[in-house]
Amino acid sequence: MSATTIFALETTSGNTLHIEDVNTKQRGKYSCIDCGKELYAVIGEARKKEPHFRHGDGVNCSGIGDRALHNFAVQILMDYSSLTVSKDLILNYTQPRKEVGFLDFRSDVAINYTGEIIHTEVFVTHDLTLEKISAYENNNIKCVRIDLSNPELLNAKKEKIIDEVLNRWENKTLIGWQTKMVPALTTMEADKNIKVIEHAQWTFEEVIIGFVKAIVVFAIAVVSFYLLERFLSFLFRPRYKKA
Ligand SMILES: [Zn+2]
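Residues numbered from 1 in each chain as written. Predicted model: local features only at pLDDT ≥ 70, side-chain atom pairs only at ≥ 80, totals over all residues.

Chemist: Please explain the overall build of the protein chain as it appears in this structure.
Modeler: Secondary structure assignment for the protein chain yields five helices and 15 strands. Considering the protein chain as a whole, with its 243 residues, one finds that 22% of them fall into the buried category. By sequence separation, contacts in the protein chain at least 24 residues apart represent 56% of the contacts at least 6 residues apart. (Helix = DSSP H or I, 4+ residues; strand = E, 2+ residues; numbered from the N terminus. Buried ≥ 20, exposed ≤ 12 C-beta atoms within 10 Å, placed from the backbone. Contact = placed C-beta atoms within 7 Å.)

Structure (structure tokens):
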């Protein structure tokens, strides 16, 4: 029994197709993204089954379609130009390109948005490693993680998959969008620097305020001393006048 799938590689174009992309009148050559063997599109009104691709007789394919869904999502990102990443942020992007390198890593699709490069990562079964997440965060490199791990998507309608990839924001995670300070200085060095900066930043106004404060403290001290002197002389004043 060979597995059926809704995705296939179109051998002539190299594109990942959904079964709904297959034109009944003009069929191409298709191959399986998992095992590489030829696939046949099963479509048309004569068939009662949902349209799908099937392997040739006797082919045993163990693929579950997760790689195909991943590749199809990448294809969607390449073909469109609008990505909703949060409740109130839609990236109208340009120049999508696959497998763009950054540091020691590669993202699925990099896009340009308002002069910035933003990386996208499609998660079906292989999530980002902690090392990759740290690389994004520690270097303030922006990434949008698109969660397509819902197994229903392995057999979903094309429209549904496009909606999950581009329009739904609840399955998106923004990584590296918070500006993170790179700890370039040790704590002691940083402390020293802060003290130097504090001294350098004394303004004329601050000097005057400091001077006035000193005068007020001095005046309070003088008045207190005077009052204490009066109090003591009251206590020890002569009780009786000399006759
Ligand atoms: Zn296969």
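Chemist: Mind showing me how you'd approach the environment of Ile 6 here?
Modeler: With respect to the helices and strands, Ile 6 occurs in the loop between strand S1 (4-5) and strand S2 (7-10). Distance in space between the C-alpha atoms of Ile 6 and Ala 68 is 8.8 Å, their sequence separation being 62 residues. Those residues in contact with Ile 6 that lie beyond four places of it in its chain are His 18, Ile 19, His 52, Phe 53 and Asn 155.

Chemist: Please clarify how the sheet that holds strand S5 (residues 38-42) should be interpreted in this entry.
Modeler: Whenever strands of a sheet pair, they do so through backbone hydrogen bonds, lying parallel or antiparallel. Taken in spatial order, the six strands of this open sheet run S1-S6-S5-S4-S2-S3, and their pairing is antiparallel. If you trace the sheet from one side to the other, it starts and ends with S1 and strand S3 (16-18), each paired once. Where S1 and strand S6 (residues 52-55) come together, two bridges link them in antiparallel fashion. Within the sheet, the bridge partner assigned to Thr 4 lies in S6 and is Arg 54. The strands touched by helix H1 (residues 66-79) are S1, S2 and S3; relative to S3, the strand with the most contacts, the crossing angle is about 100 degrees. (Pairing = 2+ DSSP bridges. Axes fitted to C-alpha atoms, helices over the stretch in contact; angles between N-to-C directions.)

Chemist: Looking at this model, I keep getting lost on unusual backbone geometry. Mind explaining?
Modeler: Unlike most non-glycine residues, Glu 99 shows phi in positive territory, near 50 degrees. Considering the arrangement of structural elements, one finds Glu 99 in the loop between strand S9 (94-98) and strand S10 (101-102). The phi angle at Leu 103 is positive, at roughly 50 degrees, despite the residue not being glycine. Note that Leu 103 resides in the loop between S10 and strand S11 (105-106). With 12 C-beta atoms counted inside 10 Å, the residue Leu 103 sits in the exposed group.

Chemist: Sorry if this is basic, but what is going on with the pairing of strand S7 (residues 82-86) here?
Modeler: Alignment of S7 against strand S8 (residues 89-92), held across four bridges, turns out to be antiparallel. Bridging across to S8, Ser 86 finds its partner in Leu 89. Connecting S7 to the antiparallel partner S8 that follows it, the hairpin turn spans two residues.

Chemist: Which parts of the structure should I look at to understand the environment of Asp 108?
Modeler: Topologically, Asp 108 is positioned in the loop between S11 and strand S12 (109-113). Measuring from C-alpha to C-alpha, the distance between Asp 108 and Asn 71 comes to 9.1 Å, with 37 residues separating the pair along the chain. Leave out the neighbours within four places in its chain, and Asp 108 touches Val 74, Lys 98, Thr 120, Glu 121 and Val 122.

Chemist: What exactly am I supposed to notice about the sheet that holds strand S13 (residues 116-123) here?
Modeler: Spatially, S9-S12-S13-S14-S15 is the arrangement adopted by the five strands of the open sheet, whose pairing is mixed. Edge positions in the sheet fall to S9 and strand S15 (172-175), since each has one partner strand and no second. Neighbour to neighbour, the strand axes of the sheet diverge by 25 degrees on average, direction disregarded. As defined by bridge partners, S13 adjoins strand S14 (residues 143-147) across five bridges and the pair is classed as parallel. Within S14, the position partnered with Thr 120 by the bridge is Val 144.

Chemist: Mind showing me how you'd approach the nonpolar core here?
Modeler: Grouped burial of nonpolar side chains is what soluble globular proteins tend to show. Residues Phe 7, Ala 8, Leu 69, Phe 72, Ala 73 and Leu 148 are the most contacted members of the largest nonpolar core, which totals 37 residues. Mapped onto this core, the elements with two or more residues apiece are S2, H1, S7, S12, S13, S14 and helix H3 (158-167). Per-element accounting of this core gives the leading share, seven residues, to H1. Looking at which domains feed residues into this core, each of domain 1 (4-55) and domain 2 (80-175) supplies at least three. Discounting chain neighbours no more than four positions away, the residues touching Leu 69 are Phe 7, Val 124, Leu 148, Leu 153 and Leu 154. (Core = buried A, V, L, I, M, F, W, Y, C linked by C-beta atoms within 7 Å. Domains from an automatic or database assignment.)

Chemist: What is the right way to look at the packing of H1 against H3 in this model?
Modeler: Between two packed helices, the angle of one axis relative to the other and the distance separating the axes together describe the packing. As a packed pair, H1 and H3 sit with axes 10 Å apart at the nearest point and diverge in direction by 65 degrees. Crossing handedness for the pair H1 and H3: right-handed. Contact residues: Phe 72, Ala 73, Ile 76 and Leu 77 in H1; Ile 161, Ile 162, Val 165 and Leu 166 in H3. Grouping the amino acids of the contact of H1 with H3 by side-chain chemistry returns eight nonpolar, no polar and no charged. (Left-handed = near helix turned anticlockwise from the far one by under 90°. Nonpolar A, V, L, I, M, F, W, Y, C, P; charged D, E, K, R; others polar.)

Remember that the coordinates give geometry; whether it matters functionally is a separate question.
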